[in-house]
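# Geometric and topological summary
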Amino acid sequence: QVWWDWGERNHPVEVVRYVLPENLRLFNIDEYERDMVAKAFATGFLLATATRNITGVLSDAPELAAQVARLAKLRLATAPFVALGRFLGTRHLTVEGALGYLYESPVGYAVAFANPATQPVEVAVSIGGPVPASVNQTAALLHHEDGAVRPADMRVSSAHLHAVVRLPAYGATVLTLPRKG
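Described in the following lines is the structure provided in the data block. Every value quoted in this text rests on a predicted model; they were computed, and no experiment measured them. (Residues numbered from 1 in each chain as written. Predicted model: local features only at pLDDT ≥ 70, side-chain atom pairs only at ≥ 80, totals over all residues. Heavy atoms only, no water.)

### Some words on the overall build of the protein chain
What counts is decided by this rule: Only DSSP runs of H or I with at least four residues qualify as helices, and only runs of E with at least two residues qualify as strands; both kinds are numbered from the N terminus onward. Note on exposure labels: buried denotes an accessible area under 20% of the residue type's maximum, exposed denotes more than 50%, and partly exposed covers the range between, all computed with a 1.4 Å probe on protein chains only. Each accessible area is a Shrake-Rupley estimate made with a 1.4 Å probe; only the visible protein chains count as cover when residues are assessed.
The helix and strand tally for the protein chain stands at four helices and 13 strands. Here the protein chain, with 181 residues, has 46% of them falling under the buried criterion. A total accessible area of about 9000 Å² is found for the protein chain, and carbon and sulfur atoms account for 58% of it.

Written out as structure tokens, the structure reads:
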């Protein structure tokens, strides 16, 4: 089932993800709503894009088209953690400076980040609960929207994992944390 709602951005996405996890949800956007693209990605929603007041095609908005293509590659690269994972929202997670949502899957945990701002940001993230004890933090990776994959610099304190993540303007990044063993 695919659902969409022009007012989706006004609803608490966490509620929709918890109550109807088996449904595919769409964020409806046009080329002037770049702030919603990374949020849709991070929350696991799909995009329904419109350009030129629903009379154009995606190629009419080259910056948006390029970002949608980058996010499709990022979704594919992190699918075992995010797309095939269970949305946990902000449970066990503190994110300062942007949006972040936790996912759990058989291969581990992931945090999908979104920056709705027009400027790059530095994000502080802290993950607690069962996550620190069940993951191999030395194998943590940051998957960036530009295709780069880098080791994540994770710190452990008080049964929490901590990291700092840099996000580009309107950008998304995924932190993957593989399970031990």
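Having put the structure on the table, let's press on.
### Topic: the packing of aromatic side chains
To be explicit about the condition: Put simply, two rings from Phe, Tyr or Trp (the six-membered ring, in Trp's case) pair if the centres are within 6.5 Å, and we call them stacked under 30 degrees between planes, edge-to-face over 60, tilted for the rest.
Here the structure, examined in full by the defined rule, presents two aromatic pairs. With a centroid separation of 5.5 Å and an interplanar angle of 75°, the aromatic rings of F87 and Y103 are classed as edge-to-face. Taken as a pair, F87 in strand β4 (residues 86–89) and Y103 in strand β6 (residues 99–105) lie far apart in primary sequence, 16 residues in all. The class of Y103 is buried, set by a relative accessible area of 1%. Within the aromatic cluster, the residues linked to one another by ring pairs are F87, Y101 and Y103.

### A few points about the environment of P168
Assignment of secondary structure puts P168 in the loop between β12 (160–167) and β13 (172–178). A residue is classified by how much of its surface remains accessible, and P168, at 39% relative accessible area, is partly exposed.

### Side note on unusual backbone geometry
Phi is positive for I54, close to 70°, though the residue is something other than glycine. Of note, I54 is situated in the loop between β3 (46–50) and α3 (62–77). Within the chain, S158 stands out as a residue other than glycine whose phi angle is a positive 50°. Within the secondary structure layout, S158 lies in the loop between β11 (155–157) and β12. Note on S158: relative accessible area 68%, which makes it exposed.

### A word on the side chain of T78
Selection rule: Side-chain atoms alone can form a polar contact between residues adjacent in sequence; in general such a contact is a pair of N or O atoms within 3.5 Å, and within protein one must be able to donate a hydrogen while the other accepts it. Residue contacts follow a heavy-atom distance rule, with two residues in contact if any of their heavy atoms lie within 4.5 Å.
Here T78 shows up in the loop between α3 and β4. Looking at T78, its side chain comes within polar contact range of the main-chain oxygen of L74, at 2.8 Å. The contacts of T78, once residues within four sequence positions are left out, are A83, H143, V174 and T176.

### Details of the pattern of salt bridges
A side chain with one charge may pair with a side chain of the opposite charge, provided their charged atoms come close. Note the following rule: We count a salt bridge whenever a side-chain nitrogen from Lys or Arg sits within 4 Å of a carboxyl oxygen from Asp or Glu.
What the rule picks out here adds up to six salt bridges. Residue R34 is joined to E63 by a salt bridge in which the shortest nitrogen-to-oxygen separation is 3.0 Å. Note that R34 is positioned in the loop between β2 (24–30) and α2 (37–42) and E63 in helix α3, a separation of 29 residues in sequence. Classification of R34 by relative accessible area gives buried; the value is 15%. Under the relative-accessibility criterion, E63 is labelled exposed at 60%. Its salt-bridge partner being E104, residue R86 comes within 2.6 Å of it at the nearest N-O pair. With a gap of 18 residues between them, R86 in strand β4 and E104 in strand β6 connect regions that are remote in the sequence.

### Topic: the sheet that holds β11
Basically, it comes down to this: Note: two strands are recorded as paired if DSSP finds a minimum of 2 bridges between them. In this analysis an axis means a line fitted to C-alpha atoms, helices contributing only their contacting stretch, and an angle means the value between N-to-C directions, from 0 to 180 degrees.
Spatially, the four strands line up as an open sheet ordered β5-β8-β12-β11, and their pairing is antiparallel. Edge positions in the open sheet fall to β5 (93–96) and β11, since each of these has one partner strand only. Recorded for the sheet is a direction-independent mean angle of 25° between the axes of neighbouring strands. With four bridges connecting them, β5 and strand β8 (residues 121–127) associate as antiparallel partners. Looking at β8, one finds that L93 is bridged to I127.

### Notes on the pairing of β12
The sheet contact formed by β8 and β12 spans seven bridges and is antiparallel. Opposite E122, over in β12, you have R166 as the bridge partner. Direction of pairing for β11 relative to β12: antiparallel, over a ladder of three bridges. Bridged to R155 within β12 is H162. Remark: two residues form the turn of the hairpin made by β11 and β12, two consecutive strands paired antiparallel; S158 in that turn has positive phi of roughly 50°.

Read these as geometric descriptors, not functional statements.
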